[in-house]
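# Secondary and tertiary structure notes
In case you want the letters, here they are:
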Number of protein chains: 6
Amino acid sequence: MTTLGIVKRNIIRADRVATDKLAQFGSATVHEAQGRVGLMQSYMRPIYAGAKVSGTAVTVLLHPGDNWMMHVAAEQIQPGDIVVAALTSPNTDGFFGDLLATSFQARGARALIIDGGCRDVAELQRMNFPVWSKAISAKGTIKATLGSVNIPVVCAGVNVEPGDVIVADDDGVTVVPAEWAVRIAAAAEARESLEGEKREKLASGVLGLDMYNMREPLAKLGLKYID
Amino acid sequence: MTTLGIVKRNIIRADRVATDKLAQFGSATVHEAQGRVGLMQSYMRPIYAGAKVSGTAVTVLLHPGDNWMMHVAAEQIQPGDIVVAALTSPNTDGFFGDLLATSFQARGARALIIDGGCRDVAELQRMNFPVWSKAISAKGTIKATLGSVNIPVVCAGVNVEPGDVIVADDDGVTVVPAEWAVRIAAAAEARESLEGEKREKLASGVLGLDMYNMREPLAKLGLKYID
Amino acid sequence: MTTLGIVKRNIIRADRVATDKLAQFGSATVHEAQGRVGLMQSYMRPIYAGAKVSGTAVTVLLHPGDNWMMHVAAEQIQPGDIVVAALTSPNTDGFFGDLLATSFQARGARALIIDGGCRDVAELQRMNFPVWSKAISAKGTIKATLGSVNIPVVCAGVNVEPGDVIVADDDGVTVVPAEWAVRIAAAAEARESLEGEKREKLASGVLGLDMYNMREPLAKLGLKYID
Amino acid sequence: MTTLGIVKRNIIRADRVATDKLAQFGSATVHEAQGRVGLMQSYMRPIYAGAKVSGTAVTVLLHPGDNWMMHVAAEQIQPGDIVVAALTSPNTDGFFGDLLATSFQARGARALIIDGGCRDVAELQRMNFPVWSKAISAKGTIKATLGSVNIPVVCAGVNVEPGDVIVADDDGVTVVPAEWAVRIAAAAEARESLEGEKREKLASGVLGLDMYNMREPLAKLGLKYID
Amino acid sequence: MTTLGIVKRNIIRADRVATDKLAQFGSATVHEAQGRVGLMQSYMRPIYAGAKVSGTAVTVLLHPGDNWMMHVAAEQIQPGDIVVAALTSPNTDGFFGDLLATSFQARGARALIIDGGCRDVAELQRMNFPVWSKAISAKGTIKATLGSVNIPVVCAGVNVEPGDVIVADDDGVTVVPAEWAVRIAAAAEARESLEGEKREKLASGVLGLDMYNMREPLAKLGLKYID
Amino acid sequence: MTTLGIVKRNIIRADRVATDKLAQFGSATVHEAQGRVGLMQSYMRPIYAGAKVSGTAVTVLLHPGDNWMMHVAAEQIQPGDIVVAALTSPNTDGFFGDLLATSFQARGARALIIDGGCRDVAELQRMNFPVWSKAISAKGTIKATLGSVNIPVVCAGVNVEPGDVIVADDDGVTVVPAEWAVRIAAAAEARESLEGEKREKLASGVLGLDMYNMREPLAKLGLKYID
């Protein structure tokens, strides 16, 4: 359970090499590779198409309409981090814009994942600073209440611990527990190497029904072909 | 009413020439031409902008979180078809990705219309395989339960019979009953030829109020101009 | 409170110079400059990215599924106006397409803001006529009922008076009361000139915590750093 | 596909005895008995708790904000019917209130199922006239456009043919094709008689795991118990 | 346009007799009587069924997650008032519970209308203090930011001026401009007296088609009866 | 992060006395007492009004459309437990009905909290078995895939560990970490004892503005009273 008013300075980040490698596989493959868990809800969308990143989570818990803790989070960013912002109750205000992005980028952050709104999206695209958010909104926020930084948070349906790996692309956002990073990077790589061969077969006209030997189990369940 | 566990092999597809012609008119004009019916709900959105297609429907009914019948559907695809996937209850999982798209494309499918989620969207755009879906989601699905292929389905609020024409573009997805295809293609063409003339008049500054003779009926209903 | 069946011909438009100037600051800065009010709800989205406009509001109140009053509104448009369309109850039909856009553009309108649906979006982008809407839908509308033109309307949560300034970009839509236009244009300009300096500092690695002197008030509220 | 401007007078209603019998089993059991199909989406809610009805469908297709065809439908009602109202596009206006209910009730209708809004709900409860709707709204509607009566319609995600059986209770609304009514009534009865025995066993503390012999298949799939 | 940080003490309340009379007609009839305008969106629901009230509006504008201004509003309440709470951006926190209700009730308030969340609903029902809200939520709020009291606000899609009449029941919430109150009370009364006669006729089996002479206009529009 | 296919048999349940005591304070007070965290999202609603319970969590993770693990969970229930069911992706099917309720009740469960759908709601009310759910749906589910029991799950936005305390009533559902139970029960009790006195003062007409000494801080922030 989260507590308010706390900033944790020392967090254990996932293995850097594994973290960086995970970006190339994408959110879908990584989510499959770790047993189909860890995917944020599908309302989390990139503010512009084509970005594909991975990084270690610095978490922040915000109150609706208040982005004060974003500045506190900025100080905890290390190069290669991705900030993950959760809210204590649903809200779509624009908690993040180009000024904060400038600061985050200067600290080495690669992206922001926020279960709320984001603004200055045209400028953020020019800056090449990707954001996955629940909404785009010009609505400004205040700086009045304490949240926390680097505590476990629930963001878009997934529990995120500080230091976990975040993998985000056009398909969504997957969270990999820090201690699984190396294992999942290997599993994702293995998974992807198998896909090339399958793709070729399917492109040549072979059916999945045959390639995956599905005809028998389907018939067993009672699938009937009629004319 | 649908039944589960059925694959219908022989379906009567709409007239090919009429089907292919309908793409150019777009979903809005075709929907108007057939009396303002047959339009799927507006939450059905293209995964990338600019695609404009028409084709004959191969239908598939899926259970939430299970895409097994997609492979059964693949075998029923003929060149010029568009797969229309309905769900037995609302769900946004990623039922379709680049491997299935490779298979569908190899069979001659032009697009997928799915009342659920889709993934690998960056790859699908590279492949030039358009999808209209309710959601984009990296969430993988299982292969455990029987649905049906080529039975009537309700997709995004419209009843679709196998063989019906699907017209999809940036404005949405319209369904034309197979037996209406030729008539609607003609009606849409007639409709469009009238639009060019109207467009010119309006561009020159003529008001719709005058062009359509609306002033009198509006006055009759009591419209009052005040200063 | 609105009344139906009224068209007001003479409206007092906001100062032209201030109105035109406001576009460059964008919806977020203008909304902040006037005290964080006047922003439409975040479901109002541009039909294509990159447009940034300001203009004076011509308002129109429509019934669900009926766009007749759009033609009445067209006649009231003057160069530099933006049409703001509200609905008497929520509806996502396609009230606006390329023909109406041709007419609006011929009259000098710069954009449409509609708390409903829009269609022909590919064509509208080609025409360079931006629309901010609640939905994209090919659904056609009828012409059967009276609404009103140039009365106060509530659009996406904001009360808009005819003549008010509309500022719209990728972040959303802000409404500035006509009589505030000059003052807010100045305030927005002042605000923006301060941002350049801040941006530089943040880019150099200075933290917002220090730049805005936040450490003390945060400590006073009880923020605790732990290791 | 639906056509507008049509009223079909002679429809084939499902078997009366089977229709009347289906009410007692409820929407859940009937939906299971026919193979888990035919259930309307879960946003369809009763305007008051406790009603449980079945009847034969008189269908009506309405435009958003227009309830004119409800009066046309009234004439087609026979004792034991349930009116099923679909919309050409999503809308929550109050299409139905106590006056129409008085008329429907006088004609022998047992209920209304509407993929839109309903009003006068306190009065409808006093009248004992149940309604399952998408919304409750005081919003009045106009009488200006033609829809159709007794054509196939899609209501809340299910295709309904005139004459089909409607079964509705606190759990939702299930549609049984007219020609299946007798068979499904028998199947539902059989299903229910089995439930009594199961209920007793479960009440005595027997686990479903044992009663349904689930332990082995779960173990086969790899379920692991840890301490 | 609203301004923050303002409390207006002297407001002109609608005529008391007319205001009190409006409750009996209900939100639907009043909304019709004033030309089908002024109805809040249908997501505004009573926290318990059966309440039916009217009163004069004391308005309050709140920030998401902050209910401080509710206490400021309490002081402005006079017997017969209904508090109308709007938010600067969408939020469902529980801004109101039994303590505030005790205070409001002690001041003579009859109800609360809030475009946000409410809590302690079981207790509020015991106190007989009705609330129409967007959500029920136990989420507590803070007291940190200034809103305003007795300024015009947009609540659930309707512009409300302080002193306007609020009519609320199970069907929803209608707003009557203060200066229209006497006229609308008379119109609603006239409207209702006509309904009794219509109800009797319809109950006796007369069809609306005949009572309202609809057959001819329907035939003119082309309605076709088929067998 | 969750893993699939696991059942944990020995969990550490929160202190029984503290757990049982928490029911009386209700979800709102408990959520405040632990620092305004731990509240599930407000879409979680009781299937009938008036229930108020607390208990220790037995957690279960389900796949969309599959309730198999509910039977596995039943065996892990001990008297005084509340089952908390989370889903791997959003789904509103009816995962729970009267048969499972009979089994859960026989094992000593007090309630079910489910981030999905529930059915047989009339029967559940008769059985006095309360459920808080996201939806009511007659939609049946299958038994085909492995989830897990007694692992940490995210339910309606809150991370729940097996053994945590669940407090649920008409206002919503609050989760108290097992190790905080004793402390929070004391804090909630203290909080509530203060409320009685406040309530009396407010009922006598004292304003919160005075009782809480708010006038000065409001004036400092610039609140202006105008006439």
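Higher on the page you've got the structure.
Rules and cut-offs
- Residues numbered from 1 in each chain as written.
- Chains lettered and ligands numbered in written order.
- Predicted model: local features only at pLDDT ≥ 70, side-chain atom pairs only at ≥ 80, totals over all residues.
- Heavy atoms only, no water.
- Helix = DSSP H or I, 4+ residues; strand = E, 2+ residues; numbered from the N terminus.
- Buried < 20%, exposed > 50% of the residue type's maximum accessible area, 1.4 Å probe, protein only.
- Contact = heavy atoms within 4.5 Å.
- Areas by Shrake-Rupley, 256 points an atom, 1.4 Å probe, with all protein chains shown as cover.
- Lys, Arg positive; Asp, Glu negative; His and termini not counted.
- Charge placed at Lys NZ, Arg CZ, Asp CG, Glu CD.
- Phe/Tyr/Trp six-rings, centres within 6.5 Å; stacked < 30°, edge-to-face > 60°.
- Lys NZ or Arg CZ within 6 Å of the ring centre and 35° of its normal.
- Buried area = accessible area lost by both parts, 1.4 Å probe.
- Salt bridge = Lys/Arg side-chain N within 4 Å of Asp/Glu carboxyl O.
- Polar contact = N/O pair within 3.5 Å; in protein donor to acceptor, adjacent residues only side chain to side chain.
- Nonpolar A, V, L, I, M, F, W, Y, C, P; charged D, E, K, R; others polar.
- Axes fitted to C-alpha atoms, helices over the stretch in contact; angles between N-to-C directions.
- Parallel < 35°, antiparallel > 145°, perpendicular 65-115°, else oblique.
- Left-handed = near helix turned anticlockwise from the far one by under 90°.
- Least-squares fit on C-alpha atoms with pLDDT ≥ 70 in both.
- Pairing = 2+ DSSP bridges.
- Right-handed = clockwise from strand over helix to strand, strands pointing away.

## Points about the overall build of chain A
- A tally of regular secondary structure across chain A gives eight helices and twelve strands.
- Taken along the three principal axes of its C-alpha coordinates, chain A extends 65 × 40 × 35 Å.
- Counting the 227 residues in chain A, one finds 67% classified as buried.
- Of all intrachain contacts in chain A linking residues separated by at least 6 positions in sequence, the fraction that spans at least 24 positions is 77%.
- Of the roughly 7,600 Å² of accessible surface on chain A, 50% is carried by carbon and sulfur atoms.
- Counting 23 positive and 25 negative side-chain charges, chain A places the centres of these two groups 2 Å from one another.

## A few points about the packing of aromatic side chains
- Inspection of the entire model under this criterion finds twelve aromatic pairs over all chains.
- Their ring planes at 55 degrees and their centres at 5.2 Å tell us that F96 of chain A and F104 of chain A sit as a pair that is tilted. For the pair formed by F96 of chain A and F104 of chain A, the shared burial category is buried.
- Taken together, the aromatic side chains of F96, F104 and F129 of chain A make up a single cluster linked through ring pairs.
- For K134 of chain E, the ring lying beneath its charged end belongs to Y43 of chain E, and the centroid distance is 5.4 Å.
- Stacked on the ring of W180 of chain E, the Lys or Arg R183 of chain E has its end atom at 5.1 Å from the ring centre.

## Structural notes on the interface of chain C and chain A
- Tallying the contact residues gives 32 residues for chain C and 36 residues for chain A.
- Summed over both sides, the interface between chain C and chain A buries roughly 3,000 Å², with carbon and sulfur atoms accounting for 61% of that surface.
- When the buried surface of chain C facing chain A is broken down by residue, D171, Y225 and D227 of chain C rank first, second and third, together holding 19% of it.
- One can count four salt bridges joining chain C with chain A.
- Measuring nitrogen to oxygen at the nearest pair gives 2.7 Å for the salt bridge that ties R119 of chain A to E32 of chain C.
- If you look at where chain C meets chain A, you find 15 residue pairs in polar contact (both at pLDDT 80 or more).
- Those elements that place two or more of their residues in the side of chain C that touches chain A are α2 (26–33), α6 (181–203), α7 (208–211), α8 (215–221) and β12 (224–226) of chain C.
- Considering each element in turn, the side of chain C that touches chain A owes the most residues, five residues, to α6 of chain C.
- Here the side of chain C that touches chain A is composed, by residue class, of 15 nonpolar, six polar and eleven charged.

## Digging into the side chain of D170 of chain C
- Among the secondary structure elements, D170 of chain C is positioned in the loop between β10 (165–169) and β11 (172–176).
- The side chain of D170 of chain C is buried and forms no salt bridge, while R45 of chain C, the nearest opposite charge, is found at 6.5 Å.
- A polar atom in the side chain of D170 of chain C sits 2.9 Å from the backbone nitrogen of G50 of chain C.
- Ignoring sequence-local partners within four residues, the contact set of D170 of chain C consists of V121, A122 and I136 of chain A together with R45, P46, Y48, A49, G50 and A51 of chain C.

## Examining the packing of helix α3 (residues 68–76) of chain C against helix α4 (residues 98–107) of chain C
All names here are of chain C.
- In contact at an axis separation of 9 Å, α3 and α4 are set at 15 degrees when each is read in the N-to-C sense. For the element pair α3 / α4, the angle class is roughly parallel. Helix-helix and strand crossings are classified by hand; for α3 and α4 the assignment is left-handed. Taking contact as the criterion, the partners of M70, H71, A74 and E75 in α3 are, on α4, L100, S103, F104 and R107.
- Counted by class, the contact of α3 with α4 contains four nonpolar, two polar and two charged residues.

## Description of the relation of the copies chain C and chain A
- At an RMSD of 0.0 Å, chain C and chain A line up after a rotation of 120 degrees and a shift of 0.0 Å along the axis. As the rotation angle and translation indicate, the two copies are arranged about a three-fold axis.

## Remarks on the pairing of strand β5 (residues 111–118) of chain D
Residue and element names in this part refer to chain D.
- Of all eight residues making up β5, eight are buried, and the element is well covered by its neighbours.
- Pairing of strand β4 (residues 81–87) with β5, which is carried by four bridges, proceeds in the parallel orientation. By the bridge assignment for β5, A85 is matched with I114.
- As for the winding sense of the linkage, the β-α-β connection from β4 through helix α4 (residues 98–107) to β5 is right-handed.
- Sheet topology places β5 next to strand β6 (residues 131–136); five bridges connect them, and they run parallel. Considered in β6, the bridge of G117 is made with A135.

## Quick notes on the relation of the copies chain C and chain E
- Relative to chain E, chain C is turned by 180 degrees and slid 0.0 Å along the rotation axis, the superposed coordinates differing by an RMSD of 0.0 Å. With respect to symmetry, the two chain copies, as superposed, fit the operation of a two-fold axis. It is G157 of chain C whose C-alpha, among those of chain C, lies nearest the rotation axis, at 2.8 Å.
- Of the interface residues in chain C, 100% have counterparts in chain E that sit at the interface too, so the contact is made through matching surfaces.

## A look at the side chain of R36 of chain D
- Within the element layout of this structure, R36 of chain D appears in the loop between α2 (26–33) and β2 (45–46).
- One polar contact links the side chain of R36 of chain D to the main-chain carbonyl oxygen of G140 of chain F, over a distance of 3.1 Å.
- With sequence-adjacent residues up to four places away left out, R36 of chain D is seen in contact with H63 of chain B, H31 of chain D together with K139, G140, T141 and I142 of chain F.

## Describing unusual backbone geometry
Residue and element names in this part refer to chain A.
- In this structure, D120 is a non-glycine residue whose phi angle is positive, near 60 degrees.
- Structurally, the position occupied by D120 is in the loop between β5 (111–118) and α5 (121–127).
- Given a relative accessible area of 19%, D120 falls into the buried group.

## Section: the pattern of salt bridges
- Taken as a whole and assessed by the stated rule, the structure comprises 75 salt bridges over all chains.
- Here D227 of chain D and R9 of chain F are joined by a salt bridge, their closest N and O atoms 3.1 Å apart. Placement of the pair is D227 of chain D in the segment after β12 (224–226) and R9 of chain F in the loop between β1 (6–8) and α1 (16–22), with the two residues belonging to separate chains.
- With relative accessibility at 38%, the residue R9 of chain F sits in the partly exposed group.
- What emerges from the salt-bridge pattern is a single network uniting R16, D20 and R110 of chain A.

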